[in-house]
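Per-entry structural report
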Amino acid sequence: EQKENVNHVCLEKKIQARAIESDLKMVEQTIKLLSQGGVSAVTLEAVGVNAGYSRGLVSRRYGSKDQLLIRVLNYLENWLNEKSKLATQNKYGLEAINSLILSFSSDVYVYRDKYRAYFWLMFYGLEENKVLNESLMEAHHLREENNIKWLREALALEQLARNVDVEMVADFL
């Protein structure tokens, strides 16, 4: 009986690993399709075929194109947040903002598919998709909070004029 439990646990772990791998492949293919042709290029069938799976798997996994796009948006948001944390680690005020800008600008070419996909999702979400729009707004608020934090640090470090409107400047970052 103990051997059966061990075999069952091993099987469960293999199934989980395959699910994670297939999810990542489908997310990556969605990013490529978005980058190359925008939201209209993304179909569940195209994602499945390009990732090496069936349309049915994509449909079962995500339920709809919009849910797949939300998954991709979350993936890209997490990726951008990690890049932001690395770029601004142990930096404050304008140094943090400058480091973030330099980090993104230096790798925009290398990761152009991800950046293009992100912008396609931003514009699609803002124009047509309420659920995607809500996810985008959450992400925007988190970025805005960081910008305000860094600008307040810049004020405290006397890197900005005392009369600067931090919230207004944050809107432009």
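Residues numbered from 1 in each chain as written. Predicted model: local features only at pLDDT ≥ 70, side-chain atom pairs only at ≥ 80, totals over all residues. Heavy atoms only, no water.

1. Regarding the nonpolar core
Residues Leu34, Leu68, Val72, Leu76 and Leu121 are the most contacted members of the largest nonpolar core, which totals 29 residues. Of all elements in the fold, only α1 (2-37), α2 (44-51), α3 (55-62), α4 (65-88), α6 (112-127) and α7 (130-156) reach the threshold of two or more residues within this core. The contact partners of Leu76, leaving out residues within four places of it in the chain, are Ile31, Lys114, Ala117, Tyr118 and Leu121. The next biggest cluster of nonpolar side chains, apart from the first, holds nine residues, and it includes Ala96, Trp150, Leu151 and Val166. (Core = buried A, V, L, I, M, F, W, Y, C linked by side-chain atoms within 4.5 Å. Buried < 20%, exposed > 50% of the residue type's maximum accessible area, 1.4 Å probe, protein only. Helix = DSSP H or I, 4+ residues; strand = E, 2+ residues; numbered from the N terminus. Contact = heavy atoms within 4.5 Å.)

2. Re the packing of aromatic side chains
All chains considered together, the criterion is met by four aromatic pairs. Pairing Phe104 with Tyr115 gives two aromatic rings, centres 6.2 Å apart and planes at 80°, and the pair type is edge-to-face. Residue Phe104 is found in helix α5 (residues 93-107), and its partner Tyr115 is found in helix α6; the two are separated by 11 residues along the sequence. On the basis of relative accessibility, which here comes to 9%, the residue Tyr115 falls in the buried class. For the ring pair Tyr118 and Phe119, a centre distance of 5.9 Å and an interplane angle of 80° mean the geometry is edge-to-face. In this structure Phe119 comes out as partly exposed when scored by relative accessible area, which is 40%. Connected via pairs of aromatic rings, a cluster forms that spans Trp79, Phe104, Tyr111 and Tyr115. (Phe/Tyr/Trp six-rings, centres within 6.5 Å; stacked < 30°, edge-to-face > 60°.)

3. Observations concerning a nonpolar patch on the surface
Where nonpolar side chains cluster on the molecular surface, the patch consists of Val108, Tyr109, Val110 and Tyr111 and spans about 420 Å² of accessible area. For Tyr109, the location among the structural elements is in the loop between α5 and α6. (Patch = residues over 30% accessible without salt bridge, like charges linked within 9 Å, V, L, I, M, F, W, Y side chains within 5 Å. Areas by Shrake-Rupley, 256 points an atom, 1.4 Å probe, with all protein chains shown as cover. Salt bridge = Lys/Arg side-chain N within 4 Å of Asp/Glu carboxyl O.)

4. Details of the pattern of salt bridges
Taken as a whole and judged by the stated rule, the model has six salt bridges. A salt bridge links Asp23 to Arg71; the shortest N-O distance between them is 2.5 Å. One end of the pair, Asp23, is in helix α1; the other, Arg71, is in helix α4, with 48 residues separating them in the sequence. Taking the relative accessible area as the measure of exposure, Asp23 reaches 14% and is therefore buried. Exposure remark for Arg71: the relative accessible area of 27% places this residue in the partly exposed category.

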